[in-house]
Each structure stands twice: as C-alpha cells, then as structure tokens.
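Take a look at the letters that make up each chain.
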Amino acid sequence: MKSIIIALFLLAPLFVSAQIKSGPMLGYSDMKEVLIWVQTEKAAQVSIRYWEKGDKTMHQTDPIKTEKAQAFIARIIADEVSMGKKYVYEVLVDGKKINVDYPLEFQTQELWQWRKDPPAFSFIFGTCNYVNETETDRPGRPYGGADEVYAAMHAQKPDFMLWGGDNFYYREPDYTRTGMIHRNNHTRSAKAMQPLLASVHHYAIWDDHDFGPNDSDRSFPMKYTSLEMFKMYWGNPNYIFPNEGITGKFQWADVEFFLMDDRWFRAPNEIDDHNKDYWGQKQMTWLLDALSSSKASFKIIVNGGQVVSPAKILENMANYEAERTLLLKELKNRNIPGVLFLTGDRHISDLNKLNRLGTYPLYDLTVSPMTAGKSDAFKQDYNETLVEGTLITERAFSKIEVSGPLKDRILNITLYNVKGDVLWTKAIKSTELK
C-alpha cells in the first residue's frame, strides 16, 4: 500500500498540470522570428520546443508563466530560426509535452530579394465567423454553423490565413472585460478550429462585431478594452498607432498587406454629412504614404467593409463620400500601382471591378460569411462594378495564390464553399495593375 501511495504522489503533477484551453496558434512569420500563441486552462509555465524539418537539433524557448489577468495566454517568440525553413514544434506545459492528433509546424519567410524571383505562396481569406453559444445566442434558429469550413481551409495547405473582421461576435452580456474575455475564449477554443490554428500563420483585422456592437463606431465606450483583447488574442507583427486601433502592415514575399481599421476613427453612420470620418485623416495619411513608398508587386488593402462598390447601402465606404473620393483621387494622382482590396462584412461574396479613366481598374474581393448567417443580395449590389458570375449568397472562403516571376506576378483567386467545392476563379496579373 505504501508503495502505491508513493507512486501516486510521484504521478500527481501529471494529473494537476494545467492543460491547453486553446491553441497553439501561429501568429506572424518573419525571417528571424515567429510568434506562437498558447492559452492554458489555469496558471502554468509554457514553452515551445522546435526543430527544423530534417534536422533534429532542438531549440527551446524560455518558459512564460500564464496568468489570470492576461486570460492565461502565453505569446512566445521562436527566435533561433533560419530564413526560409520549415519547423516542427511541441508545446510544453509545466515541462510536460502536450500531445495533439494533428501536425504542429511553422515556417519562416525566405530572403529572396536581390537573389532570385520571389517564392510562390498562398493564403486563405475569410470573414464573419460565428460560433454558437446557447446561453447568449438569440432565441430561434442558430445563427452560426458550417464548422466543416475550418477543415476545408486547412486542407488547402495555405502559408497563412487572413481574418477580415467579425472574426467572432460579441453578444449583449459581453460588454465588460470579463465578458469580452469569455467571448474570445469561447470562439478561439472551438475544437474544429484547432488544427487550422496550429499549422497556418494567422493575421487579422476587426470589424464591428469583434470591436463592439453591430454598426459600432468611435463612440463605443469599451473600445480600449476591445483593443486590449485584440492584442491579447491575435499575433499581428505591429500596430501603426499603438493606442489607437489595430491599423498595421505586413509583407509576405513581394506582396504587402495594409491592415485597416474601419471602426476606431469612424463617425456614426447616422450622421448626414458626406465629410464624415471613415478611416479618419490620420489613418488615411498613413495609408497613402505607405502605399506611395511601397515597391510590392501587389499592395493589398484589407478592410472590414466594401470600398470599391458604389452602392450606398449598409456600411460600404460609399456612404462616406469625401474619404472614398479622396482615396480614389490620390491613388490615381500618386500613380500607385498594384492596389487591390480584400473586404468582408456583407454576408455575401463577390468581386467588384472599378474601371478608372487613364489608369488601371481597382478590384475589391468581398468574402463573407464563413460560419455566420447568410444574407440575400440587395438590388444595389447589381451595379456597374460587379464582376458577372461572382455574386454568391452562401457561406464561403477564398484561397489566393501568388506565383510567377517578379515582373509578371499572377494573383489567382478561388472562391470555395464550406465543403471545399470551387464556386469561381479569377486571375489578376501584376502587369494589369499599372
């Protein structure tokens, strides 16, 4: 009996060690470091052990203690990496390896500049992700569904995923710090999502439902808490205005992504003034300057709501006339090549193309929703910018592949339904956007 008691005592730490609540999730990838995000069930020491594929030389990060005040989240930097490599990794909680039944892999970006053509790569883009919760959802038919979309996206083997806003949905009980943590935890811990989080790098912006209530704007009193939550739960590499919204930028190969915030500076929709703020002067100035100095083959502006469509419905930028007019004018006046838009919010998917006199057309790919409720297209959606055959009113996601030599890159868009069936494709050449 004594030997049994001793054995149980020695094994006790295995039984009480904190386990993972959600993640691991890969954040940004660069040439010299990668961010890995992990959330534990309770306070614990978390570290990452990793090695290059084909090389068993082990590296291990210093342990980070997770704490309740930060929702038991560890944001871990793997910084003993080489450029353009793929790695296998393990998560250690209180020194014990956590076993999962799906791959744990990350990659670093390649140094191609001045050496060769940029590498081909692909990414997933989607918006409007709703995970049901009976206690807080509205009565009636569940608004969310189609969890199979996560597996369909993962099966595409993208290099990264770009979440375009409404990545989860705050409900009425959520407008405290405790409530916001609960909502983030509930969505992020969805079981079906975990394999996608663990081996695909993730970048994000927000829109109204993961900023505040429906159609929320700069007046939302909890917006600083929303910002705190975004920075805790996502792994973006930077924030242009550290204490004002989520505006940021990153690069993958020869493509630059401009992550816009259409909530922090935004005036209420109800104001009847065509000069009202959408992105706001500070953010607009940064964007135009950053685009002007960019040498990227494609300059992709990621925004919560539609930009190119002229339809003055819902929250399209067309309702903010002065800013949209300024944006279009400056893109032409500054002769900025390679610009296109990725947008969401509308619960429909489509491709809009705005032909411009004396310069190249502007494309705007809207992909929505992934798992949230579907919507019907409005009459105004059938306008002169809509590309025929691209308007879809079922749940969907997109895969975007970039390939070809530096001077003739091709961006290939494929829209899929939640089962991974192709809905339509469109190829855009960099030479067309000059």
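For the structure, see preceding data.
Residues numbered from 1 in each chain as written. Predicted model: local features only at pLDDT ≥ 70, side-chain atom pairs only at ≥ 80, totals over all residues. Heavy atoms only, no water.

## Points about the environment of Asp 101
Here comes step 1: Along the chain, Asp 101 turns up in the loop between β8 (96–97) and β9 (105–107).
Here comes step 2: By relative accessible area, Asp 101 is classed as exposed at 75%. (Helix = DSSP H or I, 4+ residues; strand = E, 2+ residues; numbered from the N terminus. Buried < 20%, exposed > 50% of the residue type's maximum accessible area, 1.4 Å probe, protein only.)

## Remarks on the sheet that holds strand β17 (residues 350–354)
Here comes step 1: One open sheet holds the six strands; their spatial order is β13-β14-β15-β16-β18-β17, and the pairing between them is mixed. Every interior strand has two partners, whereas the edge strands, β13 (248–252) and β17, have only one. For this sheet the average axis-to-axis angle between neighbouring strands, irrespective of direction, equals 20°.
Here comes step 2: Pairing geometry for strand β15 (residues 298–302) and strand β16 (residues 339–343), over four bridges, is parallel. Of the residues in β16, the one forming a bridge with Ile 300 is Leu 340.
Here comes step 3: Running at roughly 175° to strand β14 (residues 255–259), helix α6 (residues 281–293) makes contact with β13, β14, β15 and β16 of the sheet.
Here comes step 4: Along the sheet, helix α7 (residues 321–333) makes contact with β16, β17 and β18 (362–366), crossing β16 at roughly 150°. (Pairing = 2+ DSSP bridges. Axes fitted to C-alpha atoms, helices over the stretch in contact; angles between N-to-C directions. Contact = heavy atoms within 4.5 Å.)

## Things to note about the pairing of β16
Here comes step 1: With five of five residues buried, β16 lies mostly within the body of the structure.
Here comes step 2: Residues Val 339, Phe 341 and Thr 343 line one face of β16 and the alternating positions Leu 340 and Leu 342 line the opposite face, and both faces are buried.
Here comes step 3: Pairing analysis gives three bridges linking β16 to β18, with the strands arranged parallel. Paired with Thr 343 across the strands is Thr 366, a residue of β18.

## Considering the environment of Gly 280
Here comes step 1: Checked against the element boundaries, Gly 280 lands in the loop between β14 and α6.
Here comes step 2: Setting aside residues no more than four positions away along its own chain, Gly 280 makes contact with Phe 265 and Glu 323.

## Let's talk about the packing of aromatic side chains
Here comes step 1: Counted according to the given criterion, the structure contains 33 aromatic pairs.
Here comes step 2: Where Phe 121 meets Phe 123, the ring centres are 6.4 Å apart and the plane angle is 25°; that geometry is what we call stacked.
Here comes step 3: The interplanar angle of 25° and the centroid separation of 6.1 Å between the aromatic rings of Phe 121 and Phe 160 together place this pair among those described as stacked. Taken as a pair, Phe 121 in strand β10 (residues 121–126) and Phe 160 in strand β11 (residues 160–164) lie far apart in primary sequence, 39 residues in all. Across the pair, exposure class does not vary: Phe 121 and Phe 160 are buried alike.
Here comes step 4: Every member of this aromatic cluster is reached through a ring pair, and the members are Trp 163, Phe 168, Tyr 170, Tyr 175, Trp 206, Phe 211, Phe 220, Phe 230, Trp 234 and Tyr 239.
Here comes step 5: Positioned above the aromatic ring of Trp 264, the side-chain terminus of Lys 223 is 4.5 Å from the ring centre.
Here comes step 6: When the ring centre of Tyr 320 is taken as reference, the NZ or CZ atom of Lys 276 above it lies at 4.6 Å. (Phe/Tyr/Trp six-rings, centres within 6.5 Å; stacked < 30°, edge-to-face > 60°. Lys NZ or Arg CZ within 6 Å of the ring centre and 35° of its normal.)

## Here's the deal with unusual backbone geometry
Here comes step 1: With an omega dihedral of 5°, the bond running from Gly 23 to Pro 24 counts as a cis peptide bond.
Here comes step 2: Here Pro 24 is to be found in strand β1 (residues 20–29).
Here comes step 3: With omega at -5°, the peptide bond leading from Ser 368 into Pro 369 counts as cis.
Here comes step 4: Tracing the backbone through its elements, the reader meets Pro 369 in the loop between β18 and β19 (396–403).

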